[in-house]
Protein chains: 2
Amino acid sequence: MKVIKFGGSSLASSEQLKKVIQIISDDPTRRCVVVSAPGKRNPADTKVTDLLIRYADCVIAGRDYQEIAQQIIGRYQEIALGFNFTPEDFAPIRRAILNLPLATYQDNTYLMAAFKAHGEKLNAQLIARVFNLVGIAAQYLDPSAAGLVVTDVPDDAQIKPDSYANLRKWQNNANVLVMPGFFGYNDRGEICTFSRGGSDITGAIMARGLNADLYENFTDVDAIYAVKPNLVSHPHAIGHMTFREMRELSYAGFSVFHDEALIPAIQGNIDVNVKNTNHPDAPGTIISARIQPSKEYPVRGVAASKNFCGLYISKYLLNKEVGFTRKVLDVLYKYNVSYEHMPSGIDDITIIMSEDNLTPDIEQAMMSELQTTIHPDEMHMIHDYAIVMVVGEGMRDTIGIMARAATAFARANIRLQMINQGASEISIMFGVAQNEADRAVSALYAEFFKQD
Amino acid sequence: MKVIKFGGSSLASSEQLKKVIQIISDDPTRRCVVVSAPGKRNPADTKVTDLLIRYADCVIAGRDYQEIAQQIIGRYQEIALGFNFTPEDFAPIRRAILNLPLATYQDNTYLMAAFKAHGEKLNAQLIARVFNLVGIAAQYLDPSAAGLVVTDVPDDAQIKPDSYANLRKWQNNANVLVMPGFFGYNDRGEICTFSRGGSDITGAIMARGLNADLYENFTDVDAIYAVKPNLVSHPHAIGHMTFREMRELSYAGFSVFHDEALIPAIQGNIDVNVKNTNHPDAPGTIISARIQPSKEYPVRGVAASKNFCGLYISKYLLNKEVGFTRKVLDVLYKYNVSYEHMPSGIDDITIIMSEDNLTPDIEQAMMSELQTTIHPDEMHMIHDYAIVMVVGEGMRDTIGIMARAATAFARANIRLQMINQGASEISIMFGVAQNEADRAVSALYAEFFKQD
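Residue numbering note: each chain is counted from 1, following its sequence as written. Chains and ligands are labelled by the order in which they are written, letters from A for the one and numbers from 1 for the other. Predicted model: local features are reported for residues with pLDDT of at least 70 only, side-chain atom pairs are reported and counted for 80 or more only, and whole-chain, interface and lining totals are derived from all residues. The basis for the side-chain values is all heavy atoms of the structure; hydrogens and waters are excluded.

### Re the overall build of chain A
Line of reasoning, step 1. Counting secondary structure elements, chain A contains 14 helices and 18 strands.
Line of reasoning, step 2. The atom set for the radius of gyration is the C-alpha atoms, and the globule formula is 2.2 Å times the number of residues raised to the power 0.38. For chain A, the C-alpha radius of gyration of 24 Å lies close to 22 Å, the compact-globule estimate for 452 residues.
Line of reasoning, step 3. Across its three principal axes, chain A shows a C-alpha extent of roughly 75 × 55 × 40 Å.
Line of reasoning, step 4. Note on exposure labels: buried denotes an accessible area under 20% of the residue type's maximum, exposed denotes more than 50%, and partly exposed covers the range between, all computed with a 1.4 Å probe on protein chains only. Of all 452 residues assigned to chain A, the portion counted as buried reaches 60%.
Line of reasoning, step 5. A sequence separation of at least 24 residues applies to 75% of the contacts in chain A between residues at least 6 apart.
Line of reasoning, step 6. Of the roughly 17600 Å² of accessible surface on chain A, a fraction of 49% belongs to carbon and sulfur atoms. In DSSP terms, a helix is any run of H or I states spanning at least four residues, a strand is any run of E spanning at least two, and both are numbered starting from the N terminus. Should any heavy atoms of two residues lie within 4.5 Å, those residues are considered in contact. Computed with the Shrake-Rupley method and a 1.4 Å probe, the accessible areas treat only the protein chains shown as cover for residues.

### A few points about the UniProt feature "binding site: ATP" (unreviewed entry) in chain A
Residue and element names in this part refer to chain A.
Line of reasoning, step 1. UniProt positions are given in the numbering used here, feature names are shortened, and annotations may be inferred rather than shown by experiment. The UniProt feature table records "binding site: ATP" (unreviewed entry) at T219, D220 and Y225.
Line of reasoning, step 2. Positionally, T219 belongs in strand β7 (residues 214-219).
Line of reasoning, step 3. Excluding residues within four positions of it along the chain, T219 makes contact with S10, V274, K275, N276 and T277.
Line of reasoning, step 4. Those residues in contact with Y225 that lie beyond four places of it in its chain are P235, H236, A237, I238 and F254.

### Quick word on the relation of the copies chain B and chain A
Line of reasoning, step 1. Alignment of copies: least-squares fit on C-alpha atoms of residues with pLDDT of at least 70 in both copies. For the match of chain B to chain A, the screw axis carries a shift of 0.1 Å, the RMSD comes to 0.2 Å, and the turn is 179°. Taken together, the rotation and translation describe the operation of a two-fold axis.
Line of reasoning, step 2. Taken together, the interface assignments show that 100% of the residues at the interface of chain B recur at the interface of chain A, consistent with an identical surface on both copies.

### Overview of the nonpolar core
Side chains of a nonpolar character, in soluble globular proteins, are inclined to be buried together.
Line of reasoning, step 1. Buried residues of nine kinds, namely Ala, Val, Leu, Ile, Met, Phe, Trp, Tyr and Cys, make up a nonpolar core once their side-chain atoms join them within 4.5 Å. Judged by nonpolar contacts, the single largest core of 174 residues is most densely connected at I287(A), M402(A), F430(A), I287(B), M402(B) and F430(B).
Line of reasoning, step 2. The residues contacting I287(B), other than those within four sequence positions of it, are I224(B), M241(B), T242(B), F243(B), M246(B), F257(B), L262(B), D271(B), V272(B) and V274(B).

### Examining the domain arrangement of chain A
Line of reasoning, step 1. Under the domain assignment used here, chain A contains domain 1 (2-220) and domain 2 (301-449).
Line of reasoning, step 2. Note: domain ranges come from an automatic or database domain assignment. Each of domain 1 of chain A and domain 2 of chain A was reduced to a C-alpha centroid, and the two centroids are 40 Å apart.

### Observations regarding the side chain of T219(A)
Line of reasoning, step 1. Here T219(A) falls in the buried class, since its relative accessible area comes to 16%.
Line of reasoning, step 2. At a separation of 3.3 Å, a polar atom in the side chain of T219(A) contacts the main-chain amide nitrogen of V221(A). N or O atoms closer than or at 3.5 Å make up a polar contact, with two conditions inside protein: a donor-capable atom paired with an acceptor-capable one, and, for residues adjacent in sequence, both atoms drawn from side chains.

### Things to note about the packing of aromatic side chains
Line of reasoning, step 1. Two aromatic rings, drawn from Phe, Tyr or Trp (for Trp, its six-membered ring), form a pair once their centres lie within 6.5 Å of each other, and the interplanar angle then sorts them: stacked below 30 degrees, edge-to-face above 60, tilted otherwise. Tallied over the entire structure, the rule returns 18 aromatic pairs over all chains.
Line of reasoning, step 2. With a centroid separation of 4.9 Å and 75° between ring planes, the pair formed by Y55(A) and F115(A) is classed as edge-to-face. With Y55(A) in helix α2 (residues 48-61) and F115(A) in helix α5 (residues 108-133), the pair connects residues that are 60 residues apart, well separated along the chain.
Line of reasoning, step 3. Looking at Y55(A), the relative accessible area reads 0%, which means it is buried.
Line of reasoning, step 4. For the ring pair Y445(B) and F449(B), a centre distance of 5.1 Å and an interplane angle of 20° mean the geometry is stacked. Separated by four residues within a single helix, Y445(B) and F449(B) lie in helix α14 (residues 437-449), roughly one turn from each other. Neither residue differs from the other here; Y445(B) and F449(B) are each classed as buried.
Line of reasoning, step 5. Aromatic rings pair up to connect Y55(A), Y65(A), Y105(A) and F115(A) into one cluster.
Line of reasoning, step 6. Placement of a charge over a ring requires the Lys NZ or Arg CZ to be within 6 Å of the ring centre, with the centre-to-atom vector within 35 degrees of the ring normal. Its end group placed over the ring of Y164(A), R208(A) keeps NZ or CZ at 4.0 Å from the ring centre.
Line of reasoning, step 7. Taking NZ or CZ as reference, R326(A) lies 3.9 Å from the ring centre of Y333(B), over its face.

### Observations regarding the packing of helix α13 (residues 401-411) of chain A against helix α14 (residues 437-449) of chain A
When two helices pack together, their arrangement is given by the angle between the helix axes and the distance between those axes.
All names here are of chain A.
Line of reasoning, step 1. Between α13 and α14, the shortest axis-to-axis distance is 9 Å and the interhelical angle comes to 130°. In terms of axis orientation, α13 runs oblique to α14. Of the two possible hands of crossing, α13 and α14 adopt the one that is right-handed. For the pair α13 and α14, contact is made by I401, R404, A405, A408, F409 and R411 and by A440, A443, L444, E447 and F448, respectively.
Line of reasoning, step 2. For the contact of α13 with α14, the per-class residue count stands at eight nonpolar, no polar and three charged. Note on geometry: axes are C-alpha line fits, over the in-contact stretch for helices, and angles between N-to-C directions span 0 to 180 degrees. Between 65 and 115 degrees an angle is taken as roughly perpendicular, under 35 as roughly parallel, over 145 as roughly antiparallel, and anywhere else as oblique. Note on convention: near helix rotated counterclockwise from far helix by under a right angle means a left-handed crossing. Clockwise means right-handed. The residue classification treats Ala, Val, Leu, Ile, Met, Phe, Trp, Tyr, Cys and Pro as nonpolar and Asp, Glu, Lys and Arg as charged. All others, Gly included, are polar.

### Quick word on the side chain of S199(A)
Residue and element names in this part refer to chain A.
Line of reasoning, step 1. With respect to the element layout, S199 can be found in helix α8 (residues 198-209).
Line of reasoning, step 2. Engagement of the side chain of S199 in a polar contact is seen with the side chain of S36, the distance being 3.4 Å.
Line of reasoning, step 3. Each residue touching S199, except ones within four places of it in the same chain, is listed here: K5, V34, V35, S36, E120, G181, F182 and Y215.

### Digging into helix α2 (residues 48-61) of chain B
For the α-helix, the turn length of 3.6 residues means that residues three or four positions removed from each other point alike.
Residue and element names in this part refer to chain B.
Line of reasoning, step 1. What a helix should span is 1.5 Å times the count of its residues minus one. Over its 14 residues, α2 extends 20 Å from the first C-alpha to the last, a length consistent with the 20 Å expected when each residue adds 1.5 Å.
Line of reasoning, step 2. Regarding α2, the residues found buried are V48, T49, L51, L52, Y55, A56, C58 and V59.
Line of reasoning, step 3. On its buried face, α2 is in contact with α3 (66-82), α4 (87-99) and α5 (108-133).
Line of reasoning, step 4. Positive phi appears at G62, one or two residues downstream of α2, with a value of about 75°.

### Thoughts on the interface of chain B and chain A
Line of reasoning, step 1. Across the contact, 55 residues belong to chain B and 55 residues belong to chain A.
Line of reasoning, step 2. Put simply, buried area is how much 1.4 Å-probe accessible surface two parts lose in total, over both of them, once they are put together. Roughly 5200 Å² of surface becomes buried between chain B and chain A when both sides are summed, with 56% attributable to carbon and sulfur atoms.
Line of reasoning, step 3. Three residues stand out in chain B for area buried against chain A, namely R247(B), I346(B) and I399(B), and they jointly supply 13% of the buried area on that side.
Line of reasoning, step 4. Definition used for salt bridges: Asp or Glu carboxyl oxygen within 4 Å of a side-chain nitrogen of Lys or Arg. As a salt-bridge pair, R244(A) and D348(B) come within 3.8 Å of each other at their nearest N and O atoms.
Line of reasoning, step 5. Linking chain B to chain A there are 16 residue pairs in polar contact (both at pLDDT 80 or more).
Line of reasoning, step 6. Mapped onto the side of chain B that touches chain A, the elements with two or more residues apiece are α9 (243-251), α10 (263-267), α11 (324-334), β14 (339-341), β15 (348-354), β16 (378-391), α13 (401-411) and β17 (418-421) of chain B.
Line of reasoning, step 7. Looking at the side of chain B that touches chain A residue by residue, the class counts come to 27 nonpolar, 14 polar and 14 charged.
Line of reasoning, step 8. Bridge count between strand β17 (residues 418-421) of chain A and β17(B): three bridges; the pairing is antiparallel. In the strand pairing of β17(B), I419(A) is matched with Q421(B). Any two strands are treated as partners once DSSP identifies two or more bridges connecting them.

### Concerning the environment of L98(A)
Residue and element names in this part refer to chain A.
Line of reasoning, step 1. If you trace the backbone, L98 turns up in helix α4 (residues 87-99).
Line of reasoning, step 2. Take L98: its relative accessible area is 32%, and that puts it in the partly exposed class.
Line of reasoning, step 3. Taking C-alpha positions, L98 is 8.7 Å from I73, a pair spaced 25 residues apart along the chain.

### Considering the sheet that holds strand β11 (residues 271-276) of chain A
All names here are of chain A.
Line of reasoning, step 1. Ordered by their spatial adjacency, eight strands build an open sheet running β3-β4-β2-β1-β7-β11-β12-β10, and the pairing between neighbours is mixed. Each edge of the open sheet is held by one strand with a lone partner, namely β3 (138-140) and β10 (240-242). In this sheet, adjacent strand axes meet at a mean angle of 20° when their direction is disregarded.
Line of reasoning, step 2. The sheet contact formed by β7 and β11 spans six bridges and is parallel. By the bridge assignment, F218 is partnered in β11 with K275.

### Some words on the pairing of strand β12 (residues 285-288) of chain B
Residue and element names in this part refer to chain B.
Line of reasoning, step 1. Bridge count between strand β10 (residues 240-242) and β12: three bridges; the pairing is parallel. Following the sheet pairing, H240 is matched in β12 by I286.
Line of reasoning, step 2. Summarising the sheet, strand β11 (residues 271-276) and β12 pair through three bridges and their orientation is antiparallel. Looking at β12, one finds that N273 is bridged to I286.

### Focus on unusual backbone geometry
All names here are of chain A.
Line of reasoning, step 1. Of note, N84 is a non-glycine position whose phi angle comes to about 60°, a positive value.
Line of reasoning, step 2. Following the sequence through the fold, N84 ends up in the loop between α3 (66-82) and α4.
Line of reasoning, step 3. The phi torsion at N269 lies on the positive side, around 55°, for a residue other than glycine.
Line of reasoning, step 4. Looking at the element boundaries, N269 is found in the loop between α10 (263-267) and β11.
Line of reasoning, step 5. Given a relative accessible area of 54%, N269 falls into the exposed group.

This is the structure in structure tokens:
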């Protein structure tokens, strides 16, 4: 059997939902459907989740919330009307939205979690009803009934491992299960959401819990591409890739999946198939634990992220100073700044970190403490920094990848500020100036995928 | 004025010493001569320092030491006879060698330090006398008289900074100073030696202390070469290089200077000239703080060291685990294992360390503790490891160095296990299998110096 997850754009309107119905009808092994909240119908539209956040903000601030509540109701109503719901059919959805402010919440973070989660929850209820109306034997499955218990962190919960035994009981359910993504319940029965992108997590959890043969993740692209589609025309579509390749590329800015979304699928060793709701016949991209390396494409993808900075520290005879790095890391730890990479020369290190870690105040305090702790000869923060990554399991067995990559940089006249490749040899990381990052990605893409 | 240091092979015999006399006579600004112990006269010979270590070992073990003492006396006697010393002239040297076991020492490490230091001490006394005999106004300067005070570590002393004020008083001495390298005295007046290569350190200390215009370091090679001379025929001689280039190359296996030998010269901003006692007219190699980068040779040298190993650790979502690296470094610290570099992927790190750190027991205990502390998915030690380095200040301003280096590796069909380049951009470090290291160096040399 297959677990199948639909993203927000696949569920944004009754028109889109008709495609979903066709997809479910086409394959009787699609037994569990995990749904997001309705997404954007066009680029100017607002996602229901974002409307719910505004709704919650109004409630918290004591402002009038009737208009925003009606706007949310309107989004679900459009879908319901597309399937000829009677007012009675739709009443529970309307009531649930209007009742949200009336419940009691432990504090505003739990309130916010509950409001947001209803984007998915109400959509799953609505879709289960739609399925029934069009003749699919389906039922709504709430995470509480499913036994999806999560840690007590309202906006960044993790599944509790015991949940999988609960989920397993739904493996041979007679009806197609329609389940909301994005949230579970803590031990006290309160809603806690996963981090953003959490419907993908629920899909992976259900795939593992139900021991699915395949986890189909339907979005609005035909495939995962070897490069961000806005950088090149007709980008190479990836037919098959590994979890590790996916993870390394998402680290470097690929936005298809959140880093952690696939962990349950990896743990359950379940293949993932990314497909397009609008072109369900396209094969999409398969992600699995292992694949045969391709001689033709040893590189799976290239990506860049501008969300990094580098702290350069040099000190003569640095590498003779026992414990130097520990001292530096202790200071970083004190300021709650986590480092990402630490390429080094003989007497210098560059500490690569996410910009998210830093405010100007933290940066100044941290560097001032480093100054007095380690007495560097030179120290400065490089904010104009981007990390460019070349990723592919096949690189391990192919001599000359680095030569081709570095030659591509040289041809494009781009200076390499940092290079980092560990023993895994599945990726090489380059540091370049931010304004050269896109050019670097294009140059690397041209080098490794120019046959296309 | 110039401080001039002669290595052991320049002082191994009376014949060699005649060249030294000529060099001193040729340039009246050579006012301070720092000498090593007599070195090897031919490849099968033994250095006097090594004879002294055997002598000390016999004394410590209570074995008969007459034969080894006579062998040491013989080495100095050969030099003395070459300059027609009378038995009375030579008597103090003989007596000093025979009296070494009669002194009292705090413990055996101090005994060993005193025995070893006499290789230089007696040679300096002998050479001062030789200079007088051939008409050079010279005097022996003992480190105690000079005021060269060192920390109380018998075999790895450091100069105490106050010493420089003492040394400064000898700046305008009427006679040429002949000073033994390799040792100083602690606050209690006991001999403590520098680490191996310590005569170079004394030379640099004297150059700084006397505020010399130049520190001439005479050895048995015409120049420092861009590559180890045994790897290529007619290697490129380096005319001028920076201290940092020297340091990075010595780290990677260049044996001309010990890492720390040049620190006093760097601190005093004194240029160093490496010259050949056997070809004193050859210009040698100048090492200074800064030089104009060369367009023709952006790379100054290539070198490899096989004395490293790599500990590979991978764990899924490693980079989400706050404090992961600190935990690893804490375990290393506990076993007194210092790391050198830490290239990383997203979910793996490779910790490069010197093989000197490890015994099989330490390695096993450390890895077992890492296993229980950090629970890696995969962990193994790579002993078959060599670090290849490409070094040059000019690399910073030249795009395409990495491309040329990586292409050289690819042409030679050598797999790159690790690449590491920090923001200083003065060197790039490659990890390769040990048995490919020499081939890698040759390939890189051919790429960057093929015009020669």
